[in-house]
Number of protein chains: 2
Amino acid sequence: MSDDIRPHEIAVALPDRTDAGVYFIGRIRTPWKTRDDCPRRVDPDGPICRIEIDPRWAEALRGLEAPAEVQVLYWMHQARRDLVVQAPRRRGVIAGTFALRSPVRPNPIASSMVALVGVDGATVLVRGMDCVDGTPLIDLKPAPSKAGALAHS
Amino acid sequence: MSDDIRPHEIAVALPDRTDAGVYFIGRIRTPWKTRDDCPRRVDPDGPICRIEIDPRWAEALRGLEAPAEVQVLYWMHQARRDLVVQAPRRRGVIAGTFALRSPVRPNPIASSMVALVGVDGATVLVRGMDCVDGTPLIDLKPAPSKAGALAHS
């Protein structure tokens, strides 16, 4: 059972309720069907992946033009949320969740900097993703240093 | 009214419900009491700010040691969520929300890379924040390139 706790791992009781809600604003399509299929390291020369934006939000893409570096936030919907200390299988370490970039965390939000290859209607083409096919998108924004340049639409 | 729509801005109807919930796992204490007080640009030499982690999650700090660069995700609780095209007051541009790093976005999640200055119990000291005092914390993790180094606790 991949969700069992390993030796040295520590789980806490989750709060009774959440404090705010997120909208899934699109889906990320990748070639990887399971977590085990995903690349262990982000590959900037990896395959082009499609981020399909929900039509409601499509107009928010105005002014986003390749080439650019963009930050993608997504929800790691398969991850448990209650571990504070982890012993990741692929690494010989025991560490607190905030000292790891593991998907297992109180709020399973991943952040990736990826290369924007193009925008086609409500679909965004990027290179450098590493998540499972169908992962919910929660945000898309210019990489920090390029916010000024990208805003000139 | 700071929440009014400006000329050229476009709002959409928000979905009826959210798709997932976030926990506020701590609070960020800064010298800035309002959004107008906040620095316009992140200053790596700015004041030391305190991130107060909820006791439930404190053990997740194990292995996080200064000096290091850490990524802080926080919830911009004062921002509206329904604009897809914006005309930010401080800039002479009109752009889609995904081409801006404005706090106004479907999921008001900000991401900052900051310098970890120290960890004192459940309090994390950092330099380089730019948010309002009391902003809810939603995640803390090592900067991408340093995940390996930090994990050795």
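For the structure, check the block above.
Just so it is clear, the structure is predicted and the values come from calculations on it, not from any experiment.

Rules used in this analysis
- Residues numbered from 1 in each chain as written.
- Chains lettered and ligands numbered in written order.
- Predicted model: local features only at pLDDT ≥ 70, side-chain atom pairs only at ≥ 80, totals over all residues.
- Heavy atoms only, no water.
- Helix = DSSP H or I, 4+ residues; strand = E, 2+ residues; numbered from the N terminus.
- Buried < 20%, exposed > 50% of the residue type's maximum accessible area, 1.4 Å probe, protein only.
- Contact = heavy atoms within 4.5 Å.
- Areas by Shrake-Rupley, 256 points an atom, 1.4 Å probe, with all protein chains shown as cover.
- Least-squares fit on C-alpha atoms with pLDDT ≥ 70 in both.
- Buried area = accessible area lost by both parts, 1.4 Å probe.
- Salt bridge = Lys/Arg side-chain N within 4 Å of Asp/Glu carboxyl O.
- Polar contact = N/O pair within 3.5 Å; in protein donor to acceptor, adjacent residues only side chain to side chain.

Undergrad: Kindly report on the overall build of chain A, identifying the contributing residues and their values.
TA: If you tally the helices and strands in chain A, you get one helix and 10 strands. Projected onto its principal axes, the C-alpha coordinates of chain A cover approximately 50 × 35 × 30 Å. Going through the 153 residues of chain A one by one, you find that 52% of them count as buried. Long-range contacts, defined as pairs at least 24 residues apart, comprise 78% of the intrachain contacts of chain A with a sequence gap of at least 6. Here chain A has roughly 7100 Å² of accessible surface; of this, 49% comes from carbon and sulfur atoms.

Undergrad: Got a sec to walk through the relation of the copies chain A and chain B? Specific residues and values, please.
TA: After a rotation of 180° and a shift along the axis of 0.0 Å, chain A superposes on chain B with an RMSD of 0.0 Å. Look at the turn and shift together and you get a two-fold axis relating the two. For chain A, the minimum C-alpha distance to the rotation axis belongs to G21 of chain A and amounts to 2.2 Å. Take the interface residues of chain A: 100% of them recur as interface residues in chain B, which is what a same-surface contact looks like.

Undergrad: So what's going on with the interface of chain A and chain B? Which residues, and what values?
TA: Contacts between chain A and chain B engage 58 residues on the former and 58 residues on the latter. Together, the buried faces of chain A and chain B total about 5500 Å²; carbon and sulfur atoms form 61% of this surface. When the buried surface of chain A facing chain B is broken down by residue, Y23, F98 and R101 of chain A rank first, second and third, together holding 16% of it. The interface formed by chain A and chain B holds two salt bridges in total. Close ionic contact of R105 of chain B with D139 of chain A constitutes a salt bridge, the shortest N to O distance being 2.7 Å. At the boundary of chain A with chain B, the tally comes to 32 residue pairs in polar contact (both at pLDDT 80 or more). Secondary structure elements with two or more residues in the side of chain A that touches chain B: β2 (20-22), β5 (68-75), β6 (83-86), β7 (95-96), β8 (109-120), β10 (135-142) and α1 (147-150) of chain A.

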